[in-house]
Number of protein chains: 2
Amino acid sequence: MIESAPPTIPRFPVSATVDLVILTVREGALRVLLIRRGKEPHLGAYALPGGYVRPEEGLDAAALRELREETGLDGRALHLAQLRAYGTPGRDPRGRVVTVAYLALGPDLPTPVAGTDAAHAEWVPVDEALDAELAFDHAEILRDAVEEARTKLEYTTVATSFCREPFTVSDLRRVYEVIWGTTLDPSNFRRKVTRTEGFVEPTGERRTAEAGRPAALYRAGRAQVLYPPLLRSGEPERR
Amino acid sequence: MIESAPPTIPRFPVSATVDLVILTVREGALRVLLIRRGKEPHLGAYALPGGYVRPEEGLDAAALRELREETGLDGRALHLAQLRAYGTPGRDPRGRVVTVAYLALGPDLPTPVAGTDAAHAEWVPVDEALDAELAFDHAEILRDAVEEARTKLEYTTVATSFCREPFTVSDLRRVYEVIWGTTLDPSNFRRKVTRTEGFVEPTGERRTAEAGRPAALYRAGRAQVLYPPLLRSGEPERR
DNA sequence: ATAATAGTGTCTGTGAGACAATATCAC
DNA sequence: GTGATATTGTCTCACAGACACTATTAT
């Protein structure tokens, strides 16, 4: 019935949780922060970090708090946005739980701080994570999150969130390549990135790597959306 | 705390609801289905249709059921997708309520069936609705939903969901114009629509309106995404 | 004929894909 | 020098915006 109707179907209690899909690019792979569950159900299985929403706390606030507790990082340093809600009956055998999933993107983050349950946290390559058995419906959430990240790379400038500043154009390109599983033409990628107003800002500095010509360094620009977008089109196969 | 931690912060009960943003194009305006609240809080104010999720029901199922109850329509005839969750403490003065908003798009729908509380439902132009006082945080939800609809028109073929079949290219163009608040070049729009594989399929029939050359009729095609997208760019002002 | 809407054709500029060529480092 | 990576430049094609022009109906 609608909200203005008499509660012939009364409200019934559910639990509200937030789950975090924290993605980073590390050692050439897209990785997700997973914890090993220390209790039933799904004892020993990988699971997304997350927890109950507290009584006086909004959803975004709960996600920020969990992020801080899990990674020891200030959520303002990461890109954090709601993904969507999941509430299939039976998704948690302990009762009716509606979870709101958040997608967090950040540069090669330190392995989470010790001293908490997050000590059991690991950066797992997304490919492996999707093959492994994840607790609850976390495999579905992870799939959705990765697809969302791939799409956001097309239409927004969030790729810079994966790079510690200052970064090179090649650093940024590798983010796209790893997350999309493609190779991109360095020349065309550079043209797109440097000619799109507000995508990256040159610092004037250069960095010399092990080999090759030193690369110019950049910071993230002010633009949030990419117009026109940077579409993954033909997607030439990788490797 | 994380899910695997001891429940030092115990779960606490919240209510879960779904709210529907049902949009249609009618009489030259983008309209949303709103109800007049028949009880406190926000007695007499406009509100989005919605209601409690039932114990054995998933979120999508709850949205489909509410849609059927509110409009008498089979949800499969409409485009229905989750928008996002809203759970700010205090958004409902009666208690902690997390709502999952859904966006439904459909062709000029009949005014909802009588015999239920939906008898108080009206198709309100979105512009008016955003000026009016909406119950709870429904103004925020409506703003987000309209922005989502505008964006979906760019990257997907959902615009056809607003047209009763068969439809003409001009019908489809008016959907874009009304929802974006712009005018589009008829010639360029036709080229885009008819040359994009799977956007529309010709029926071979024609329709004669009050004036002018009869227009060819089309059905929605199989494509779900628009590649390349149909971007609102310069957005020439309307009127 | 005129008004009105549908539909076609063409010119042009922007931007992406392909790819050659050059620059600058370590060794 | 070689090898490796960065950076610039160029050619071409797809496609969108602007807009002229033709087609088919009602009146």
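No experiment lies behind these values; they were computed from the predicted model shown. (Residues numbered from 1 in each chain as written. Chains lettered and ligands numbered in written order. Predicted model: local features only at pLDDT ≥ 70, side-chain atom pairs only at ≥ 80, totals over all residues.)

Peer 1: Explain the overall build of chain A here, please?
Peer 2: Along the backbone of chain A there are five helices and nine strands. Counted from the first residue to the last, chain A has its helices and strands arranged as β-β-β-β-α-β-β-β-α-α-α-α-β-β. When burial is assessed residue by residue, chain A has 39% of its 239 residues classed as buried. Nonlocal contacts in chain A, meaning residues at least 24 apart in sequence, comprise 67% of its contacts between residues at least 6 apart. (Helix = DSSP H or I, 4+ residues; strand = E, 2+ residues; numbered from the N terminus. Buried ≥ 20, exposed ≤ 12 C-beta atoms within 10 Å, placed from the backbone. Contact = placed C-beta atoms within 7 Å.)

Peer 1: How should the protein's contact with DNA strand C be read in this particular structure?
Peer 2: Residues in contact with DNA strand C amount to 24 residues; listed here are only the nearest, Ser187 and Arg213 of chain A together with Ser187, Gly212 and Ala216 of chain B. Class assignment of the residues belonging to the surface near DNA strand C gives a composition of nine nonpolar, 10 polar and five charged. (Near = placed C-beta within 6 Å. Nonpolar A, V, L, I, M, F, W, Y, C, P; charged D, E, K, R; others polar.)

Peer 1: What is the right way to look at the interface of chain B and chain A in this model?
Peer 2: When the parts of a complex come together, some accessible area is lost, and that lost area is often taken as the interface size. Taken together, the 40 residues of chain B in the interface contact 40 residues of chain A. Looking at the side of chain B that touches chain A, the elements with two or more residues in it are β1 (15-26), β4 (50-52), α1 (59-71), β5 (79-86) and β6 (97-105) of chain B. Partitioned by chemical class, the residues of the side of chain B that touches chain A number 20 nonpolar, nine polar and 11 charged.

Peer 1: I keep staring at the relation of the copies chain B and chain A and nothing clicks. Help me out?
Peer 2: Each of the two chain copies goes to the other by way of a rotation about an axis and a shift along it. Take chain B, turn it by 180 degrees, move it 0.0 Å along the axis, and it overlays chain A with an RMSD of 0.0 Å. Look at the turn and shift together and you get a two-fold axis relating the two. Residue by residue, 98% of the interface of chain B is reproduced at the interface of chain A, so both copies engage with the same surface. (Least-squares fit on C-alpha atoms with pLDDT ≥ 70 in both.)

Peer 1: How should I be thinking about the nonpolar core in this particular structure?
Peer 2: For soluble globular proteins, nonpolar side chains are generally found buried alongside one another. Among the nonpolar cores identified, the biggest contains 124 residues, and Val21 of chain A together with Val21 of chain B are the most heavily contacted of them. Once residues within four sequence positions are removed from consideration, Val21 of chain A is found in contact with Val32, Leu48, Leu83, Ala101, Leu103, Ala104, Ile141, Leu142 and Ala145 of chain A. (Core = buried A, V, L, I, M, F, W, Y, C linked by C-beta atoms within 7 Å.)

Peer 1: Please explain the environment of Thr160 of chain B as it appears in this structure.
Peer 2: Residue and element names in this part refer to chain B. Note that Thr160 resides in the loop between α3 (138-155) and α4 (169-180). By the C-beta count within 10 Å, which is 23 here, Thr160 ends up buried. The sequence separation of Thr160 and Glu27 amounts to 133 residues, and the corresponding C-alpha distance is 17 Å. Beyond its immediate sequence surroundings of up to four residues, Thr160 is in contact with Leu172, Val200 and Ala220.

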